[in-house]
Amino acid sequence: DGIRDFYLSRGLGDGYKRQTPGVKSVQVVPRANGVNTVAVYLYGDNGAVTDEVLGKVGETLEKLKEISVDVTVAAAVAVKKPVTVYVKPKDGCAFEDAKASCTAAITAYLNAFEVGEPFVTAGLIHAVMETGVAQNCTVPASVADFTPNAGEIVTAGAVNVLETQ
């Protein structure tokens with residue numbers, strides 16, 4: 001989309017995140033409130049961004065924006081995603097060791113999302129299998145793919161790793 005590309009090309013992409021302390025993720029939403037509107041959602045390294053960061057980004061965008069475009073800057077909202085997985089450890093690996101490794105991998109996976117990025121169960125299973133301690137991993141139907149709304153970011157909720165029987 002042209003409007004989104006305009007703002008990303010003006011530094012709101014990965015380079016902007018690296019240049020702005022405290023910003024982990026940026027989402028640009030064109031026509032967020034109708035024609036000639038753009039919403040920019042920010043999420044911080046350790047949770048919500050500060051009012052200072054929001055103000056700084058807002059001032060920068062006021063200087064960069066196109067004439068007659070209304071740009072709003074807001075903090076993204078964290079959506080905690082609870083996850084349950086069933087794991088069969090590899091031969092020779094104690095379940096408690098596999099559980100610890102899988103819990104850490106799942107938590108890292110869930111905390112690596114960008115604002116607006118969808119949660120997919122295949123990514124969750126991949127994170128578990130990449131630990132090298134699981135022979136197999138399954139998820140219950142309650143752990144389904146999930147697409148957050150604009151301005152939302154998936155983060156780790158309760159993580160339950162159970163042994164496959």
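Everything discussed here concerns the structure shown above.
Rules and cut-offs
- Residues numbered from 1 in each chain as written.
- Predicted model: local features only at pLDDT ≥ 70, side-chain atom pairs only at ≥ 80, totals over all residues.
- Heavy atoms only, no water.
- Phe/Tyr/Trp six-rings, centres within 6.5 Å; stacked < 30°, edge-to-face > 60°.
- Buried < 20%, exposed > 50% of the residue type's maximum accessible area, 1.4 Å probe, protein only.
- Helix = DSSP H or I, 4+ residues; strand = E, 2+ residues; numbered from the N terminus.
- Pairing = 2+ DSSP bridges.

## Topic: the packing of aromatic side chains
A full pass over the atoms with the stated rule returns three aromatic pairs. Taking the centre distance of 5.1 Å and the plane angle of 70° together, the rings of tyrosine 109 and phenylalanine 113 count as edge-to-face. The same class applies to tyrosine 109 as to phenylalanine 113, namely buried. Ring geometry for phenylalanine 113 against phenylalanine 119: centres 6.4 Å apart, planes inclined by 40°, an arrangement best described as tilted. Given the relative accessible area of 0%, phenylalanine 119 is considered buried. Members of the aromatic cluster, connected to one another through ring pairs, are Tyr109, Phe113 and Phe119.

## Digging into the pairing of strand S1 (residues 23-30)
With respect to burial, S1 is a largely interior element, eight of its eight residues being buried. Inspection of the sheet shows S1 paired to strand S2 (residues 37-44) by seven bridges, in the antiparallel sense. Looking at S2, one finds that glutamine 27 is bridged to tyrosine 41. The hairpin turn running from S1 into S2, its antiparallel successor, is six residues long, and arginine 31 in that turn takes a positive phi close to 50°.

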